[in-house]
Structures are given as structure tokens and as C-alpha cells.
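# Observations on chain architecture
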Protein chains: 6
Amino acid sequence: MAATPSVSRIDGRTPGQLRPVTIERAWSKHAEGSVLVSFGDTKVLCTASFTEGVPRWRKGSGEGWVTAEYAMLPRATNTRGDRESVRGKIGGRTHEISRLIGRSLRAVIDYKALGENTIVLDCDVLQADGGTRTAAITGAYVALADAVAWAQGRKLIKAGRKPLTGTVSAVSVGIVGGVPLLDLCYEEDVKADTDMNVVCTGDGRFVEVQGTAEAEPFAREELNALLDLAVSGCGELAELQRKALDTVLEK
Amino acid sequence: MAATPSVSRIDGRTPGQLRPVTIERAWSKHAEGSVLVSFGDTKVLCTASFTEGVPRWRKGSGEGWVTAEYAMLPRATNTRGDRESVRGKIGGRTHEISRLIGRSLRAVIDYKALGENTIVLDCDVLQADGGTRTAAITGAYVALADAVAWAQGRKLIKAGRKPLTGTVSAVSVGIVGGVPLLDLCYEEDVKADTDMNVVCTGDGRFVEVQGTAEAEPFAREELNALLDLAVSGCGELAELQRKALDTVLEK
Amino acid sequence: MAATPSVSRIDGRTPGQLRPVTIERAWSKHAEGSVLVSFGDTKVLCTASFTEGVPRWRKGSGEGWVTAEYAMLPRATNTRGDRESVRGKIGGRTHEISRLIGRSLRAVIDYKALGENTIVLDCDVLQADGGTRTAAITGAYVALADAVAWAQGRKLIKAGRKPLTGTVSAVSVGIVGGVPLLDLCYEEDVKADTDMNVVCTGDGRFVEVQGTAEAEPFAREELNALLDLAVSGCGELAELQRKALDTVLEK
Amino acid sequence: MAATPSVSRIDGRTPGQLRPVTIERAWSKHAEGSVLVSFGDTKVLCTASFTEGVPRWRKGSGEGWVTAEYAMLPRATNTRGDRESVRGKIGGRTHEISRLIGRSLRAVIDYKALGENTIVLDCDVLQADGGTRTAAITGAYVALADAVAWAQGRKLIKAGRKPLTGTVSAVSVGIVGGVPLLDLCYEEDVKADTDMNVVCTGDGRFVEVQGTAEAEPFAREELNALLDLAVSGCGELAELQRKALDTVLEK
Amino acid sequence: MAATPSVSRIDGRTPGQLRPVTIERAWSKHAEGSVLVSFGDTKVLCTASFTEGVPRWRKGSGEGWVTAEYAMLPRATNTRGDRESVRGKIGGRTHEISRLIGRSLRAVIDYKALGENTIVLDCDVLQADGGTRTAAITGAYVALADAVAWAQGRKLIKAGRKPLTGTVSAVSVGIVGGVPLLDLCYEEDVKADTDMNVVCTGDGRFVEVQGTAEAEPFAREELNALLDLAVSGCGELAELQRKALDTVLEK
Amino acid sequence: MAATPSVSRIDGRTPGQLRPVTIERAWSKHAEGSVLVSFGDTKVLCTASFTEGVPRWRKGSGEGWVTAEYAMLPRATNTRGDRESVRGKIGGRTHEISRLIGRSLRAVIDYKALGENTIVLDCDVLQADGGTRTAAITGAYVALADAVAWAQGRKLIKAGRKPLTGTVSAVSVGIVGGVPLLDLCYEEDVKADTDMNVVCTGDGRFVEVQGTAEAEPFAREELNALLDLAVSGCGELAELQRKALDTVLEK
């Protein structure tokens, strides 16, 4: 399966190539961390809100909390979707992705080191072209890192403590026309037989693996090929996150 | 009252001066019209979604419909607000502003010329610093104009018909420390004794006047001074809208 | 524009004439203040509920709180409307009017003098014929005054303190067939080009001015003519409120 | 048990005496039938809204539909209750009473004779002092009769058809301090060991019997004594309904 | 009416005969009391959850609380019903029955003896064939008794205190084809002219009597015949409850 | 890692051993397919409701639809959870699992062969002890197969058509104390570092792979070991499903 060099992706990429990725920090003047991340035409605004204190069920534990909420603007997609606030309830897909983002970021958080503080990550999709949840996780990590640094700068986190135990990024992979591809755009996504979202830490271990047979059940070797692609993609993203965070913010 | 040249506004503006205004068209790849408008640090993404057909109650009338929805991202403001979708209901302020935007745009729409088509304006505040509803109206008009042009280009609106009967823009005015000021930023807004939002057509007539005494009831002459400022501000905004729309989009 | 003596209003009134207004105090046996107000066929039951204590966010401030809720009975209007409780959510119009009534009454409240007490005004429209929000404000002020007097009588408000800093009333005005009219009934309201609700204090200053172009944008001189009518109408209403409150209640 | 002539009720009534009952027809200008009914200090506004057509599940059946909604104004009671519209859901008690009123009225409706028309009864409690559901049923029947007559007058119901097969009224009974009492006021109601609501047709048969042991289970002879009282009370109410409907309305 | 020995019920029972009743205790491994009760093909799982503490409004009273929630699985009935959780609101019927079950059980509870503890009864209908609410009450009483015994065993209720003042069971009765029948199955229920649910204590007194004329109002003698049947049926059920509780649980 | 024969699981199982699994068909008298499935103490009632017709968005396509809803009874777990119907909204976890079950079953459905019919799978957890979603999928497949057979028997599916393209089952796996285990019970689940749910077809391919690092990110070899266990467990479950379906139902 690896021997398909001649595949021509819709946007000219090779099977194992990411779309152009940009990570713009300090996008918002209010949030403690804020990142506009783009994976090609997918653009997600990730803000990290730091507040002292924790939810009631965690008070007195000495531990912090990190959670996330994901949403799409109504016209982020090709046809306008109803607002969930107007419908009066959150859909299953939104719930599912919000939970995935929260779990992914908590995988690299040391609650004790964070102390009794809460960080909420809001990931709002401004424009969607496939891979919104993976872009959200990748961008949210950077916003989270900025919020942690902000709190450390204000001594809201005890000196010497490191709430972040690693880095985390995510990417989608899928089998389209029999070929495993990295970082599917929307048009590829709808044609995929199998669709998988993989969240990795910077050291290459897995935080979350979610693979779904859209059309046809998939075999073990296909799963393996997808995991190879995803690990490699997450590695590139981790490097891009590192570079983005190395820049000194003027803010 | 006009004789207060020495007032020093927080950002150095004169009492009758707008903040820097930018109107960025074709911001989104999906929407028929999309504008990122900024009034200083207030940034609102306005998308216009054109669909053929009208709501059930209007079918067979031969007339179109235009409506609007306004929302704020949770961390558009200085402290994070709960998502209305998570709370399961829309707050009164959101309802009020959505209705205001819809009425303002409908004031320059000829339903017959639009035909049985619907345009929904989504105004999502990405960053707030006062005047979000007036920026939203001003930007939404441009997105609306683009969506109308898009539909005309695809013959979805009959040849020769002009659904737009004029242009519309809006600005806030208020009395701060006894001085009438144009286009309040958030810090001025919270100190204002009186706060007014004025929506005008390009020919200087009023579509909506909403004045509220925040601290102290206001006198007729104060009202007059505020209206003078607002009319002048809306005139400038109308000119900026015209310039933005004169640019040829490559999209 | 004032020179239109020959206009014939649907109910025979002159352009600047209010409908017959009645203010019936102590309508309910339970509420601390309760008023059945009528502006012609519009009838609104306004009750003021006084409770010791304030909402959580205001505790310890030494200041009180006043808020309002507006609603219509399902068959207050010509065709039955769905109950908002059955629909499970409050509509935008209801939200908007509840907020307007609350702001209007708070404009004449000295929170410090009220102390940590709360007064809730419920304005339920029993029968609607235009101007329900202005009748509600006008009646609610009287119910509020009664509730304040009730609390003073029970020493729930400190001796010598005056929570009410003035009086407040409201009226609608509009341009119908080119003529500015005071206190529109429903049939006039639906034909109005411009519709304005004005809330004034008893000393003739403005608390709220909300003008909307229903059909055609309006010019500055039209706005001025409407404001003249409204100020005069609110003056008459303030006098009627004063007379109603001068009566000694037996209750 | 009947031998307790010396009981002294809080308002001086004998055990088998109703409170003063008033039935004011044509209270509202809009509704096809509207009645302000009072049982002592309990006041309920009952409106009947007639519309042509039936709900979807009944279309084409040739049969009509009658339903009811009950609600209390927030300050109908001694302490203010939250609005169900604001809470976003209807409480169990409201549901239960709305269903009871609907069933009671449907018991005297001939759906075929009504034809494919719908009548909705809205029973809004303006002031509560016990027995609101029984007053509502009693008043709603009169409003229903007026709406039926209205429709017959407009030929919306076929000539010669009689949608009403009888009359219906309701009353509460209860055992207070060991004594069976008719038509409990609120103060009696809270002290009752057993509380029963009985709905009867004009010919003395039962439509609904709902007895609840509030404090102590009740014996068969107590149940019998309560039923005797209720049948007698409903008989008096049926007579009052008849008299009210005999009056010619000028409307 | 009693002289109808030849009636042939759909399942061959005599008019005064219960369906086969089973009461299976300790059905669930988690709940403090849990009973799978069946009245013929009607199967209800009743669990009693004991928790220390009471709702906020009862704190410090020294008294406990007992409440109930009733629900049906979507396919408990012949055609699938929507889930109330998916619809986002509880229907009137569900509310009504939950309230009935709670009241019925509270009728045999001594709150003081229970102490500040709460017992919640969940009655979930797994399969419905008429009489779900009466089966629920009958089974819930047994689950309640088990939860009380569980708490006594763990000294969560003070030694010597008896929170249960009696036993409670319920049965439906109705008039079908002119004949009073005990314990209606679904097919009988839909044909019934009158339908009554009766809740009795073990000593034969009434806790709740709810009779409804489905088709035709009913006369006093019919009511009497139904009450006779119900009292007899509840007596049998009380005996079955006693036998079930006499068995020693191994759990 | 495979070399850990000495591990002692809480219930004495070997690492690769399933809990006792029972599949009881035709549990309910109403549903077209109904299965009470148990994986040890986890018991899920799965009903399949067959209805002719499809949702609006699928009409005219000639294709059918299969969907699923998952829920837990309030006291299925060790401490009582609030009912989602009472809270008025469905939680994220419930949404997520309902979607997973639906996707899993649709993976073995040929929509064309099903024709324009809908099958809804309701999976209600009566008792929970870990693995509720995997038991639900495994049981729901059998209910689905029964509903398909029912419809074929009634000629609601065209002769010769096979709507089921295979079988599907699911199992959980996880790493507890460094050891990969199959089919975790609740107590193991809360201690797991990594938790994975795997859905396989009867021929051993993957429909869904969902792995989550609960405590520590997991390495590729751990993922491989878990997948090995899961594939083996699903194979056993497929065999149990086959046996269950081979039995002739008397119903």
C-alpha cells in the first residue's frame, strides 16, 4: 500500500504531506492564551481562559482543572447550519469533539502542579475544510501553553512547578480510494472509506486513537498504515508548535 | 457643550472621531458574502448566507426575507462568558441585538425585488471592545451587498431588480463626564451616563434610535447633541462602506 | 406638521390625545403593590413583589435591586399565541420588553436608600390593543411606589430614606399616514411608518428613546415632532400617576 | 359526621356552603368566549379560542378537538413563584391541572357535532385562594359555551348540530379537623387531612373524582360524605352557570 | 351489576380477579432496594436509592424525604415512543404519575422516624400492558421497605424508629361494556368507559382515588361498585407484598 | 507483555477471558427484536423497532435507515444519577455512545436491501458494571437480526434481499497495572491506564477503534497487544451471537 507514489491528491499533496499549517499566537487582546490555527482552509480560533479556583467538586483537592468547548460558526461550512444556542441544545457531534479536546489536553497536564486553577479552552471553528478537531487540539495546546506561562508570570502558579508534562498535537488520516492519506481536507474526508483521528504526545506516544469505518470495515494492516502516517504527521505538528512557542511575544 | 476641545479621550481621539475602521471583504471561502469588520479592537465576522426559498409563512408571496443572528464568542470579552448553547437558551441581550440588526438591514431591502429568496446575516463577535452591535450592522450591510451581487451574478435575482434600496450603517454615541462622544470603546461605555445607538441610511435618515439613560436621565439638548454626532459618524461609515464595495474582489 | 387639525383617528382622538387611562391600585390581595392599568383597551396587571435580600451577586453591597418581567396571556391578542412556558423558551420580544421595563424603573431608584431588598415587577398583559409596554411601565411605577410605601410602613426600609428619586411614565408615538400621533392603538400601530417608545421622568427628561423605522427611514424633523408629542404625553401620564397615588388606600 | 352544625369556618361559612361565586362573561374583547370567574378571592380568567381546523393527527376525521392550558401569574399567590417560561419548563402541577381541565370539558363535547374545529381554553389564575382548578373548570365551561355559540352564529358549526352534550362544573371538598367541608379556601386547604376535587355534569354524574389523603388515609364513609357535599356543590354551580349563560350579551 | 358471572374477559379472568402478580426482590446489585414487579405482562423495575441528607428546603428539620420518578422505556409499548430525554422535556402523563407514586408512598412514611435521609424511588416500565402506575406503586412499596431495612441494618436510622407506618398498594378498576372489572390490561383499558386508579393502605383505607370518565360520565352506584372491587384487589396485593417481604434475602 | 500468566484479576479471570455472556432473545412482547444481554453483571435491554418509512431527508432514496439510542436507568450504577429527561438535556457521554452504537450497526447494513424502512435500536442499561457500550452493541446486533427476520417474514423486505452484510460485536480492552486485559469490569475500568473499545465484524475486520489514555499515553506495542486481545474477544462474541441466533424462537 505504501507503494502508491503516483497518487494525485486534490490539492497536489503527496499522501503523507500535511496541508500548510499556521499558528498565530496572541490573536485576541483579552484571553490569557489565544491562537488562530489553520490547517489549509480550516481555521480555528483557540482561546485559553485562566481563572483562579476550580469547580465545586474539586475544591480543596489542591488540584486544577482543564476543560474544552468546541463549536462551529453557523457559516463555517459550505451550507449554513443552525446555531446550537438557537436550537437550545448541543448536538452529539459537538459534545463528542469537546470531550475529545478536553481529554487530549488533560493528558499533558499535571493537576497538582497547576494548583487550584482552571483553564478553559474555547475552540471556535471560523472556517471548516476537514480536520477541525485535530486543528483545534493542535492550536489549543499552544494557547494552553501561553496561558500557563501567563499564570507563571503572575505567580498564580507556584514557582518551580510545571503544569505541562509534555506537548500534544493531533491529525486525521484516512483511506481514500484504497490509499492511506494524511490530514484529509473536506473533499477527501467525504470520500474516505476509513477515517481516523489520532492524538499524540510530542514523544510519539498515543493519547487517543479513534478510527471509524465509514464505508467498509478495515483490516489490521490498513490500521497499521494509518497509524504510521499519523505518528509522522503529529511529529511534524509538534515541531511546528515548538517553533511557534519559541517566538517571543511582544504583547 | 460643543465647546469642549480640550477633552482627552482614553485613546487620544477627539469627541467626534471614529476609531480606525477596517472592512475586509471575502473573509470566508464558503459564504456568499463575508466581512471581517473592525471598529478599533472590536472585531466582528459578518457572513451573509443566501438560500433560495423563504420561510413557510412567506411562501407564495413573491417576497424575500432577510434576518440576522448575533453572538459573541465566549472569550470575546475580558472575562469568559458561558456559551448560550451550553446554557440551552439565548439571553435577552443577544435576542435584542439580533432583532436590531435584522430590522436595520430590512430597512434597505425591497422584498419584491429580492424575490422568494432568504439571506441570513450571522454576526459573530470575535473580539469585543464596545460598539459590537454597531460594527455588526455596518459590516453586515457590506456582506449583504456582496451576497446580493453574488445572487445577481447567478441570475437568482431577476435581471434589472435592485433588492437594496440604500445603504445602512450604525454607530454608538454617549455622554461621558458631561461630554458627548462618538463611537465609545468599552472603557468609555461603562462610564457613560447616557448611551445611544443610532442606525442611519446613507442619505442621513434614521432607521433606529435607541437611547438609554444609564445613570442620569438626559435632557432634550443632550439628545440633540448626540444625534448630531451620530449622523456625522454614520456619514463617515457610509463612505467607508462605499469605498470597500468599490474594490473589485478576485474571488 | 403640527398643523394637521383635520386628521381623523380611528377612535376620534386628536393627534396629541391619549386614550382614556385608568390606574386601579391594590388590585390583588397578595402583592405589596398591584395596579391594573388601562390605556384604552390595553389592560396590564402590574404587581410589585417586595422581598428582603438581594441576588447573590449583589450581597454585601448595601444596595437593593429592582427587576421586571413582562408577558402576555395567550389570548390577550386577536389571535391566540403559544405560551412561552409551553414552547420552553422566551421570545426575543418578551426579553426585550422585560429589559426595557426594568431599566426604566431602575432609572428612578436609589439603590442605597432601598437597602438590600429586591422588588420584582410582573407586568402581565390581560388584553392588548397597542402600547402594552408603555402602559406596563406607567402602571409598574405606581405598583413600585406602593411596594416602597408598604416596606417603609413595615420599617423594612430605613426611616428617612427615599428609594424613589422621581417618577417615570412612558408612551408610544408614531407617524401614520404622514401625521405624528400620540399613544397608538393596535390598528394605528400596524400602519405606522415610524414607531417610537419614549420613557420620561416626571421632570420631563428622557430615560429611554426607542424609535424604529417600520416602513421608511425618518428624518430629523419627524423625530423632533415625535419627541414633542411624547414629552407632552408623558407629562399627562405623570399627572395621572400622581393623582392615583394621592388617593388613600383602605387596604 | 353530618351532625356538626356548630363548626365555625374561617370565613363564617357553614360546612356545605360555597364561597360567593361570580361569573363575568365577555371579559375580553378578543376571545370568542371569555369569563372572569371568582370563587371568593380566587379569580381565574378563562378564554376560549375557536379556530377552524384540527391538529394534524385528527385531520380528515370529521371530528373537532378541545384542549386546555392552565397557568398562574407569578404573584397570584402569597409569595411570588418563578415564571414557568423563564424556568424553561412546565411544572408537574401545571401539567396535571391542564390535563384535568381538558378532560373535564371534553366529557361534554360531541366531536362530530363540533366538526373539524378546535377550541383552546386558557385558564390563567390572576389571584389564588384555593380551588383554582375547580374555578377554572367552572368558568371554562361558560367560555366554551360562548365560543360554541359564537361559531354557530357564524355558521362555522353546521346548523342543527349541538357540540355540547351537557354542562360541567367542579368543586373541591376536604376534611378539615374531622369535618367535611365544601369549597376550601387556601387556609382550609393547607390544614385538610383529605382533599378531593370532583367534576360533575349538570345531571349529577361524575366526570372526575380525585381524592388524596394529605395527612391520614381516609375511610369509605369519609369518602361518601365528601362525595355528597361535592355533588350538592356542583349542582349549585351548574345553576349559577345556567343563570350566567341566560343573560343576553351585548357584545 | 354484580350479577354478571358470565362475563368473559379477554384473558379468561373473572371480573374481580387480578392478573398473575410477581414481586422479585433484590433484582439489582446496586440499589438499596430493588424490585421487578409484574402484573401480567406489565413489568416495572422499581429501585429505591437511600442517601443521607435531605433537599435544601428540608435541612435542619430533622425530617426525611421520599420522592419518586416514573418513566417508560421507549419500546415498553406496542409502538415506540420518543424518549423524553431526547425531546428535552417530560410529558404531562409522566409528571402526573411520578407525583402520584411519590404521594402514595409518602402516605405511609413517618418523616421524623426516617430522620434527615432521602429515599428516591425510580419506577421504570420495561414492558407495558395496562396498570403500569398501580404496579409501580405496589412494587415501589416493597423496594422502599427493603431500603428502610437496609438503612436500619447500617444504623442510618435510629434504633427503635419505624419510618413505615403501614403498607400501600394500588390497583386499577374500570367499567368495560357496563361491567366493573379489576386490574385492567391494556386492551380492556382502551375500551373502558370509566377508568379508576385506587391506592389503599394495608388496613383498607384510601390514600388516593382517581376516577375518570373516559367516554360517559358515571353514576354514584358505578363508583361504589368500582371502589368495592378496588378495595378487594388492594387487599390481595397487600397480602402478596407481605409474603414477598417475609422471604429472607440472601444478598 | 503477553508473558503475565500469574496476573490475578478481581473476579479470577485470566487476562484474555470474557466475563460470562448471556444473550436472551425475545425478552419483550412488543418489539420486533428484543435482547437482554449480559456481560457479567452488566445487563442491557436492547430492543429493535421496525417501522415502514424513513426520515424525511431520506425519502425517495429507496434506502433504509438504522439508528440507535443508549441510556442508563438512574440507579443502574452504584450511586443514583439524575435522569436526563428531568435535567432536560442529554449528556455528552450518552450522545457519544448512542452515535457509536448506530455507526457500528450501520456498518453491516445494506441500505438498498433494507428498502425504505427504519430500524431503531434502544439500548437501556438496567445494571452497569463496565462495558455497557460494548454489551449494547453485541446485544443490539442480535435484536437487529431478529427485527430483520421479522420484517422478512412479513414481506416488508423484498424476497431475496439481505439487509445484513455481516455480523458485528464489541468488547473493551485496557491496560491495568501494566497488563493488557479483555472485557474490563467497572472496578478494573477505573484503574485502567488505557481504555479501548473495539468493534469488529464477524470476519475479524475493524468497524471502530477507540483508544484513550486515561492516565499515561500509550506506546505502539501496547496498542498492538490491546488490539490482539480485542480481536480475539470479538471472535468469541461473534460465535455466541451465532449460537443465540441459531435457536428457534417460539414467539
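Counting starts from 1 at the beginning of each chain's written sequence and moves along it residue by residue. Naming scheme: in the order in which they are written, chains are lettered from A and ligands are numbered from 1. The model is predicted, so local features are restricted to residues of pLDDT at least 70 and side-chain atom pairs to those at 80 or more, both for listing and for counting; the totals for chains, interfaces and linings are taken over all residues. As a rule here, side-chain values cover all heavy atoms of the structure and leave hydrogens and water aside.

## Focus on the packing of helix 4 (residues 132-153) of chain F against helix 6 (residues 220-246) of chain F
Residue and element names in this part refer to chain F. What counts as an axis is a line fitted to C-alpha atoms, over the stretch in contact for a helix, and the angles between N-to-C directions run from 0 to 180 degrees. Only DSSP runs of H or I covering at least 4 residues are called helices, and only runs of E covering at least 2 are called strands; the numbering of each starts at the N terminus. Between helix 4 and helix 6, the least distance of the axes is 10 Å, while the angle of their chain directions is 30°. In this structure, the crossing between helix 4 and helix 6 has a hand that is right-handed. Residues Thr 138, Tyr 141, Val 142, Ala 145 and Asp 146 of helix 4 form the contact with helix 6, whose participating residues are Leu 237, Gln 241 and Leu 245. Each residue gets one label: Ala, Val, Leu, Ile, Met, Phe, Trp, Tyr, Cys and Pro are nonpolar, Asp, Glu, Lys and Arg are charged, and the others, such as Gly, are polar. Among the residues making up the contact of helix 4 with helix 6, the classes are represented as five nonpolar, two polar and one charged. Each crossing gets its handedness from the near helix: less than a right angle anticlockwise from the far helix is left-handed, clockwise is right-handed. Contacts were defined at the residue level, with two residues in contact if any of their heavy atoms lie within 4.5 Å.

## Let's talk about the UniProt feature "domain: Exoribonuclease phosphorolytic" (unreviewed entry) in chain A
All names here are of chain A. UniProt positions are given in the numbering used here, feature names are shortened, and annotations may be inferred rather than shown by experiment. UniProt records the feature "domain: Exoribonuclease phosphorolytic" (unreviewed entry) for residues 17-147 and 167-232 in the present numbering. Taken end to end, residues 17-147 is 30% helix and 32% strand, and its two terminal C-alpha atoms sit 30 Å from one another. Taken end to end, residues 167-232 is 29% helix and 44% strand, and its first and last C-alpha atoms sit 15 Å apart.

## Some details on the environment of C:His95
In this structure, C:His95 sits in helix 2 (residues 92-106). In this structure, the C-alpha to C-alpha distance between C:His95 and C:Ser34, residues 61 residues apart in sequence, is 22 Å. Beyond its immediate sequence surroundings of up to four residues, C:His95 is in contact with B:Ile90, B:Gly91, B:Gly92, B:His95 and C:Ile90. Polar contacts involving the side chain of C:His95 include one to the side chain of B:His95, which spans 3.1 Å. By the criterion applied in these results, polar contacts are pairs of N or O atoms within 3.5 Å in which, for protein atoms, one can donate a hydrogen and the other can accept it, and in which residues neighboring in sequence qualify only through two side-chain atoms.

## Focus: the interface of chain E and chain D
Counting from both sides, the interface comprises 27 residues of chain E and, opposite them, 27 residues of chain D. Buried area between chain E and chain D, both sides added, is near 2600 Å², and the carbon and sulfur share of it is 50%. The salt bridge definition used is simple: a Lys or Arg side-chain nitrogen within 4 Å of an Asp or Glu carboxyl oxygen. Counting every contact that joins chain E to chain D gives six salt bridges. The residue D:Arg220 makes a salt bridge to E:Asp228 at a minimum N-O spacing of 3.0 Å. Summed over the shared surface of chain E and chain D, the number is 19 residue pairs in polar contact (both at pLDDT 80 or more). In terms of residue class, the side of chain E that touches chain D is made up of 10 nonpolar, eight polar and nine charged. Once two parts are brought into contact, the accessible area they lose, counted with a 1.4 Å probe and summed over both, makes up the buried area.

## Focus on helix 2 (residues 92-106) of chain B
Residues and elements named next belong to chain B. For helix 2, spanning 15 residues, the distance from its first C-alpha to its last is 21 Å, which sits close to the expected 21 Å at 1.5 Å a residue. The cut-offs for exposure are 20% and 50% of the maximum accessible area for each residue type, with area from a 1.4 Å probe on protein chains only; residues under the lower value are buried, those over the upper are exposed, and the others partly exposed. Counted residue by residue, helix 2 has 12 buried out of 15 residues, so it is predominantly covered. Within helix 2 the residues assigned to the buried category are Gly 92, Thr 94, His 95, Glu 96, Ile 97, Ser 98, Leu 100, Ile 101, Gly 102, Arg 103, Ser 104 and Leu 105. For a helix, the expected span equals 1.5 Å multiplied by the number of residues minus one.

## Re the packing of aromatic side chains
Only Phe, Tyr and Trp rings take part, Trp by its six-membered ring, and two of them pair if their centres are within 6.5 Å. Stacked means planes under 30 degrees apart, edge-to-face means over 60, and tilted covers everything else. Under the criterion given, the structure shown has 24 aromatic pairs over all chains. Pairing E:Phe50 with E:Trp150 gives two aromatic rings, centres 5.8 Å apart and planes at 55°, and the pair type is tilted. Placement of the pair is E:Phe50 in strand 3 (residues 42-52) and E:Trp150 in helix 4 (residues 132-153), with a sequence separation of 100 residues. With a relative accessible area of 26%, E:Trp150 lands in the partly exposed category. Here, a charge over a ring means that NZ of Lys or CZ of Arg falls within 6 Å of the ring centre while also lying within 35 degrees of the ring normal. Over the face of the ring belonging to D:Tyr111 we find D:Arg58, whose NZ or CZ atom lies 4.3 Å from the ring centre.

## A few points about the sheet that holds strand 4 (residues 65-72) of chain F
Residues and elements named next belong to chain F. Paired strands, as defined in this entry, are two strands with at least two bridges between them according to DSSP. The mixed open sheet is built from five strands, whose spatial order is 1-2-3-5-4. Looking along the sheet, the strands with just one partner apiece sit at the ends: strand 1 (21-25) and strand 4. Pairs of neighbouring strands in the sheet enclose a mean axial angle of 15°, with direction left out of account. Sitting on the sheet, helix 2 (residues 92-106) touches strand 4 and strand 5 (117-127), and the angle it makes with strand 4 is about 145°. Where helix 4 meets the sheet, its contacts fall on strand 1, strand 2 (33-39), strand 3 (42-52), strand 4 and strand 5, and the angle it forms with strand 3 comes to roughly 35°.

## Concerning the relation of the copies chain E and chain D
Note that the two copies of the chain are related through a rotation about an axis and a translation along the same axis. What sets the superposition is a least-squares fit of C-alpha atoms, and only residues with pLDDT of at least 70 in both copies go into it. The transform that puts chain E on chain D rotates by 180° and translates by 0.0 Å along the axis, for an RMSD of 0.0 Å. Taken together, these values place the two copies in the relation of a two-fold axis. Distance from the rotation axis, computed per C-alpha, reaches its smallest value in chain E at E:Gln210: 2.2 Å. Interface overlap between copies: 100% of the residues of chain E at the interface are likewise at the interface in chain D, consistent with a symmetric, same-surface contact.

## What about the interface of chain B and chain A?
Between chain B and chain A, the contact holds 36 residues from the first and 36 residues from the second. Note on chain B versus chain A: buried area summed over both sides is about 2900 Å², and carbon and sulfur give 50% of it. When the buried area of chain B at its contact with chain A is split by residue, B:His30, B:Arg75 and B:Arg83 rank highest and sum to 23% of it. The closest approach of N and O atoms between B:Arg80 and A:Glu69, which form a salt bridge, is 3.0 Å. At the junction of chain B and chain A, the tally comes to 24 residue pairs in polar contact (both at pLDDT 80 or more). Among the elements of the structure, strand 3 (42-52), strand 4 (65-72), helix 1 (84-87) and strand 5 (117-127) of chain B are those that each provide at least two residues to the side of chain B that touches chain A. Among the residues making up the side of chain B that touches chain A, the classes are represented as 15 nonpolar, nine polar and 12 charged.

## Concerning the UniProt feature "binding site: phosphate" (unreviewed entry) in chain A
Following the UniProt record, one finds the feature "binding site: phosphate" (unreviewed entry) at A:Arg93, A:Gly131, A:Thr132 and A:Arg133. What stands out for the annotated residues spanning 41 residues is how close their C-alpha atoms remain, the widest pair being 13.5 Å apart. The residue A:Arg93 is located in helix 2 (residues 92-106) in this model. Setting aside chain neighbours within four positions, we find A:Arg93 in contact with A:Tyr70, A:Met72, A:Thr132, A:Arg133 and F:Arg99.

## So, the pattern of salt bridges
Inspection of every chain in the model, using the stated rule, returns 138 salt bridges over all chains. Between E:Arg13 and E:Glu188 there is a salt bridge, with its nearest N and O atoms 3.6 Å apart. With E:Arg13 in the segment before strand 1 (21-25) and E:Glu188 in helix 5 (residues 186-191), the pair connects residues that are 175 residues apart, well separated along the chain. Each member of the pair E:Arg13 and E:Glu188 is classed as buried. Where F:Arg58 meets F:Glu63, a salt bridge forms, and the shortest distance between an N and an O atom there is 3.2 Å.

## What to know about the sheet that holds strand 1 of chain E
Residue and element names in this part refer to chain E. The strand order across the open sheet built from five strands is 1-2-3-5-4, with neighbouring strands paired in mixed fashion. Strand pairing shows two members of the sheet lacking a second neighbour, strand 1 and strand 4 (65-72), which therefore form its edges. Strand-to-strand twist in this sheet, taken as the mean axis angle between neighbours without regard to direction, amounts to 15°. By the bridge criterion, eight bridges tie strand 4 to strand 5 (residues 117-127) in an arrangement that is parallel. Bridge pairing in strand 5 links Val 66 to Ile 119. The strands that helix 4 touches are strand 1, strand 2 (33-39), strand 3, strand 4 and strand 5; relative to strand 3, the one it contacts most, it runs at about 35°. Sheet contacts for helix 6 (residues 220-246): strand 1 and strand 2; angle to strand 1, the most-contacted strand, approximately 30°.

## Topic: unusual backbone geometry
A positive phi is found at B:Ala26, a non-glycine position, where the angle reads about 55°. Position of B:Ala26 relative to the elements: it lies in the loop between strand 1 (21-25) and strand 2 (33-39).

## A few points about the packing of helix 2 of chain A against helix 2 of chain F
Their axes nearest at 8 Å, the elements helix 2 of chain A and helix 2 of chain F cross at an angle of 110°. Here helix 2 of chain F runs roughly perpendicular to helix 2 of chain A, going by the angle between their axes. For the element pair helix 2 of chain A and helix 2 of chain F, the recorded crossing hand is left-handed. Mapping the contact onto sequence places A:Gly92, A:Arg93, A:His95, A:Glu96, A:Arg99 and A:Arg103 in helix 2 of chain A and F:Gly92, F:Arg93, F:His95, F:Glu96, F:Arg99 and F:Arg103 in helix 2 of chain F. Should an angle fall under 35 degrees it is called roughly parallel, over 145 degrees roughly antiparallel, and 65 to 115 degrees roughly perpendicular, with every other angle called oblique.

## Describing the relation of the copies chain B and chain A
With an RMSD of 0.0 Å, the operation that places chain B on chain A is a rotation of 180° combined with a shift of 0.0 Å along the axis. Both copies contact each other with a shared surface, as 100% of the interface residues of chain B are interface residues in chain A too.

## A closer look at the side chain of F:Thr201
Position of F:Thr201 among the secondary structure elements: in strand 8 (residues 194-201). A polar contact of 2.4 Å, which involves the side chain of F:Thr201, links it to the side chain of F:Asp203. With sequence-adjacent residues up to four places away left out, F:Thr201 is seen in contact with A:Pro217, F:Val108, F:Thr167, F:Val168 and F:Val207.

## So, the pairing of strand 8 (residues 194-201) of chain A
Residue and element names in this part refer to chain A. Summarising burial for strand 8: eight of the eight residues are buried, a large majority. The alternating pattern of strand 8 places Thr 194, Met 196, Val 198 and Cys 200 and Asp 195, Asn 197, Val 199 and Thr 201 on opposite faces, both of which are buried. Bridging between strand 6 (residues 168-176) and strand 8 involves eight bridges; their strand directions are antiparallel. Bridge pairing links Gly 174 to Asp 195 in strand 8. Pairing of strand 8 with strand 9 (residues 206-213) involves seven bridges; the strand directions are antiparallel. The residue bridging Val 198 from the neighbouring strand is Val 209, located in strand 9. Following strand 8, the chain reverses through four residues before pairing antiparallel with strand 9; Gly 204 in that reversal takes a positive phi of roughly 85°.

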